[in-house]
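Descriptive structure summary
Here is what each chain is made of, one letter per residue.
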Amino acid sequence: LHSVDADSPCWAETNNKKNLSYYRSRSKVNGSQIYYNSKTIEEQAAEAYGADTLPIHPARLAREVAEFLNRDAVIVRDGADCTYWFMPLVKAQVMGQVLSTGALGCLGAGTGFALAAKLANRDKQVLIYYGDGTFGLNGMEFDTFVRHNLPIVSVISNDSAWGMVKHWHRMKYGDERLTGTLLKSGQRYDKMVEALGGYGEYVDKIEDIKPALARAFASGLPACINVEVDPRPASPTTMALEQLMGI
């Protein structure tokens with residue numbers, strides 16, 4: 001399996017000052033610090049990325065994926081709350097190495113980004129990091145990937161919800177009013193990709209994440225690693241945005 005050196009585009013040392021400054025900068029609204037609880041943002045981030053609990057913490061999934069990827073991997077972010085756990089771990093070494101759907105919530109666009117990235121970088125790993133809601137927007141394009149022999153690997157951080165919106169509803173209204181935010185628990189998006197001619201695996205244990213990624217890239221097929229994650233944690237960015245926008 002792949003290890004991460006100091007110059008890697010991906011790293012998962014949550015005590016790293018760059019990671020902590022990311023959380024700090026996104027966890028202050030009008031000069032006040034936002035907390036999940038009485039612990040500092042730094043303490044919470046360190047615990048999240050090192051969590052060994054089940055269901056898998058979305059931050060721990062992000063760390064495992066970041067540790068696996070090659071130095072020159074091309075990474076596409078397509079999601080909301082789940083990708084805010086992932087993006088602090090990603091550092092582009094060259095222009096175009098990290099592609100994002102942007103700050104305006106243009107979910108679903110990442111599938112096309114990944115297609116173009118693989119056409120331009122056939123000799124490199126291309127990975128798209130999805131939420132399960134986002135995957136559903138353009139998941140049928142895996143048929144396109146198969147027909148055009150584009151072995152793009154996707155990871156779905158599957159919390160069975162439109163995560164960011166669900167967290168905002170919960171913060172504002174409580175658990176009884178999560179209207180229109182929940183998706184089917186344990187949905188097998190990996191089976192859908194298999195049915196289209198790709199490679200798929202469903203993962204629900206931390207120790208299985210990296211081996212599944214290795215098999216996906218080795219398959220030479222468009223692939224979906226569908227990972228069941230804990231639906232409860234909200235990223236610091238999601239919490240900050242809720243207060244900033246007064247949702």
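Just above sits the structure.
Residues numbered from 1 in each chain as written. Predicted model: local features only at pLDDT ≥ 70, side-chain atom pairs only at ≥ 80, totals over all residues. Heavy atoms only, no water.

Here's the deal with the overall build of the protein
A count of helices and strands for the protein gives 11 helices and 8 strands. Burial analysis of the protein (247 residues in total) assigns 49% to the buried set. When contacts within the protein are restricted to residue pairs at least 6 apart in sequence, long-range pairs at least 24 apart make up 74% of them. Working note: accessible area of the protein is about 11,300 Å², and carbon and sulfur atoms make up 52% of it. (Helix = DSSP H or I, 4+ residues; strand = E, 2+ residues; numbered from the N terminus. Buried < 20%, exposed > 50% of the residue type's maximum accessible area, 1.4 Å probe, protein only. Contact = heavy atoms within 4.5 Å. Areas by Shrake-Rupley, 256 points an atom, 1.4 Å probe, with all protein chains shown as cover.)

Thoughts on the layout of surface pockets
Volume-wise, the largest pocket comes out at about 420 Å³. Forming the boundary of the largest pocket are 32 residues, of which Gly79, Ala80, Asp81, Leu107 and Met164 lie nearest the centre. Listing elements by their share of the lining of the largest pocket, those giving two or more residues are helix H4 (81-86), helix H6 (132-138), helix H8 (163-173) and helix H11 (236-245). Looking at which element gives the most residues to the lining of the largest pocket, the answer is H8, with 5 residues. Taken together, the residues of the lining of the largest pocket sort by class into 17 nonpolar, 10 polar and 5 charged. (1 Å grid on protein atoms, 1.4 Å probe; cavity = no way out; pocket = protein on both sides within 12 Å on 5 of 7 lines; lining within 4 Å. Points joined across faces, edges and corners; volume = space filled by probe spheres on them. Nonpolar A, V, L, I, M, F, W, Y, C, P; charged D, E, K, R; others polar.)

Digging into helix H10 (residues 209-219)
All of the buried residues along H10 are Ile209, Lys210, Ala212, Leu213 and Ala216. For H10, the arc enclosing every buried residue in end-on projection is 160°, short of the 170-degree limit, so these residues lie on one face. In the core, the buried residues of H10 are packed alongside helix H3 (58-68), strand E5 (126-131), strand E6 (153-158), strand E7 (199-203) and strand E8 (223-228). At the exit of H10 stands Gly220, carrying a positive phi of roughly 70°. (Arc of directions from axis to C-beta.)

Let's talk about unusual backbone geometry
That bond from Leu54 to Pro55 is cis: its omega, -5°, falls within 30 degrees of zero. Here Pro55 lies in the loop between helix H2 (41-50) and H3. Within the chain, Asn149 stands out as a residue other than glycine whose phi angle is a positive 55°. By secondary structure assignment, the location of Asn149 is in the loop between helix H7 (142-147) and E6. Even without being glycine, Ser160 reaches a positive phi, approximately 60°.

Details of the nonpolar core
Side chains of a nonpolar character, in soluble globular proteins, are inclined to be buried together. With 32 residues, the main nonpolar core has Leu61, Val65, Phe86, Tyr129, Val155 and Leu213 as its most contacted residues. Of all the secondary-structure elements, those providing two or more residues to this core are H2, H3, H4, E5, E6, H10 and E8. Of the residues forming this core, the biggest block, 6 residues, is contributed by H3. Excluding residues that lie within four positions of it along the chain, Phe86 makes contacts with Ala62, Val65, Ala66, Ile75 and Tyr129. (Core = buried A, V, L, I, M, F, W, Y, C linked by side-chain atoms within 4.5 Å.)

Digging into the environment of Arg71
Mapped onto the secondary structure, Arg71 falls in the loop between H3 and strand E3 (74-78). Look at Arg71 and you get partly exposed, because its relative accessible area is 45%. In the structure, Arg71 is positioned 20 residues away from Lys91 in sequence and 9.7 Å away in space, judged by C-alpha atoms.

Topic: the pattern of salt bridges
Going through the model one piece at a time under the given rule, you end up with 11 salt bridges. Lys210 is the salt-bridge partner of Glu67, the closest N and O atoms lying 2.6 Å from each other. In this pair, Glu67 sits in helix H3 while Lys210 sits in helix H10, placing the two residues 143 residues apart along the sequence. In terms of burial, Glu67 and Lys210 fall into one category: buried. The salt bridge involving Lys191 is made with Glu194; its shortest N-O contact spans 3.7 Å. With Lys191 and Glu194 both in helix H9 (residues 189-195) and 3 residues apart, the pair spans about one turn of that helix. Residue class for Lys191 comes out partly exposed when judged on its relative accessible area of 44%. Relative accessible area serves as the criterion here: at 33%, Glu194 is assigned to the partly exposed category. Each of Arg60, Arg63, Glu64, Glu67 and Lys210 takes part in salt bridges that share partners, so that together they form one network. (Salt bridge = Lys/Arg side-chain N within 4 Å of Asp/Glu carboxyl O.)

Description of the pairing of E7
With 5 bridges connecting them, E7 and E8 associate as parallel partners. Within E8, the residue paired with Gly200 across the bridge is Cys224. This β-α-β element, E7 to H10 to E8, shows right-handed connectivity. (Pairing = 2+ DSSP bridges. Right-handed = clockwise from strand over helix to strand, strands pointing away.)

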